[in-house]
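Chain by chain, the residues:
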Amino acid sequence: MTETTTKTRARPAAVILTPSAEQRIADLMAQAPEGTIGVKLSTPKRGCSGLAYSVDYVSEEAKFDEKIATPGGTFYIDGASVLYLVGSTMDWVEDDFTAGFVFANPNAKGSCGCGESFTV
């Protein structure tokens, strides 16, 4: 009789976080309201193209959220948004005039002129 072993392989994260994005998550967690367990990315329906990126504090874990451990705290991806975000890279960019998260999303088929929303 042959013994069967099951190998579990780590699944890659749905979204790749740049070091700059990880640092921004750490900064957000350092000033987070009491009871915050992480930062969560979701794609609510909004804007002229349909979906937008939203990053918010989260105080409880939802059942289907994807969870990514970062050096500065836990990063969650809304379970309903994962399919729109698989393979994306999230970066934090600052210049003299603006600062914000920037997404390179291979699933986005188009975006509005202001860059606030996208279609898949």
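Conventions used here
Residues numbered from 1 in each chain as written. Predicted model: local features only at pLDDT ≥ 70, side-chain atom pairs only at ≥ 80, totals over all residues. Heavy atoms only, no water. Salt bridge = Lys/Arg side-chain N within 4 Å of Asp/Glu carboxyl O. Helix = DSSP H or I, 4+ residues; strand = E, 2+ residues; numbered from the N terminus. Buried < 20%, exposed > 50% of the residue type's maximum accessible area, 1.4 Å probe, protein only. Pairing = 2+ DSSP bridges. Axes fitted to C-alpha atoms, helices over the stretch in contact; angles between N-to-C directions. Contact = heavy atoms within 4.5 Å. Expected span 1.5 Å × (residues − 1). Arc of directions from axis to C-beta. Patch = residues over 30% accessible without salt bridge, like charges linked within 9 Å, V, L, I, M, F, W, Y side chains within 5 Å. Areas by Shrake-Rupley, 256 points an atom, 1.4 Å probe, with all protein chains shown as cover. Lys, Arg positive; Asp, Glu negative; His and termini not counted. Charge placed at Lys NZ, Arg CZ, Asp CG, Glu CD.

> Sorry if this is basic, but what is going on with the pattern of salt bridges here?
Here the idea is simple: oppositely charged side chains can pair when their charged atoms come close. Taken as a whole, this structure holds 3 salt bridges when the rule is applied. With a closest N to O distance of 2.9 Å, D65 and K40 form a salt bridge. Here D65 is found in the loop between β4 (54–58) and β5 (66–70), whereas its partner K40 is found in strand β2 (residues 38–42), with 25 residues between them in sequence. One exposure class covers both D65 and K40, and it is buried. With a closest N to O distance of 3.9 Å, D78 and K40 form a salt bridge. Remark: K40 occurs in strand β2 and D78 occurs in the loop between β6 (73–77) and α2 (82–85); sequence separation between them is 38 residues.

> Where do I start with the sheet that holds β2 in this structure?
Pairing between the strands of a sheet is mediated by backbone hydrogen bonds and can be parallel or antiparallel. Sheet architecture is open: 4 strands sit in the order β4-β2-β6-β5, paired in mixed fashion. In this open sheet, the two edge strands, each paired with only one partner strand, are β4 and β5. This sheet shows a mean twist of 25° between the axes of neighbouring strands, independent of strand direction. When β2 meets β4, the two strands line up antiparallel, connected through 5 bridges. In the strand pairing of β4, S42 is matched with S54. Packing of helix α1 (residues 19–30) onto the sheet brings it into contact with β2, β4, β5 and β6, and relative to β2 it is tilted by some 125°.

> Is there a simple way to explain α1 in this structure?
An α-helix turns once per 3.6 residues; consequently, residues spaced three or four apart project the same way. Look at α1: 16 Å from first C-alpha to last across 12 residues, which is about the 16 Å you get at 1.5 Å a residue. Residues of α1 that are buried include every one of A21, I25, L28 and M29, and no others. Along the long axis of α1, the arc covered by the buried residues comes to 95°, so they all point the same way. In α1, the exposed positions angled more than 90 degrees off the buried face are occupied by P19 and A30.

> Explain the pairing of strand β8 (residues 99–104) to me, please; I cannot follow it from the model alone.
Consecutive side chains of a regular strand alternate in pointing toward one face of the sheet and then the other. The pairing of strand β7 (residues 88–94) with β8 spans 6 bridges and is antiparallel. Opposite T89, over in β8, you have A104 as the bridge partner.

> It is not clear to me how a negative patch on the surface should be interpreted in this structure. Could you clarify?
Together, D27, E94, D95 and D96 give the surface a local cluster of negative charge. Residue position: D27 is located in helix α1. Among the residues examined, D27 registers a relative accessible area of 34% and is labelled partly exposed.

> Looking at this structure, how should I read the sheet that holds β8?
Strand order in the open sheet formed by 3 strands is β1-β7-β8, and the pairing between neighbours is mixed. For this open sheet the edge positions go to β1 (15–17) and β8, each flanked by a neighbour on one side alone. Neighbour-to-neighbour, the strand axes of this sheet turn through a mean angle of 30°, independent of strand direction. Lying over the sheet, α1 contacts β1, β7 and β8, oriented at roughly 70° with respect to β7.

> Is there a simple way to think about the side chain of T18 in this case?
Checked against the element boundaries, T18 lands in the loop between β1 and α1. Excluding residues that lie within four positions of it along the chain, T18 makes contacts with T89, M90, D91 and W92.

In short, geometric facts, not functional conclusions.
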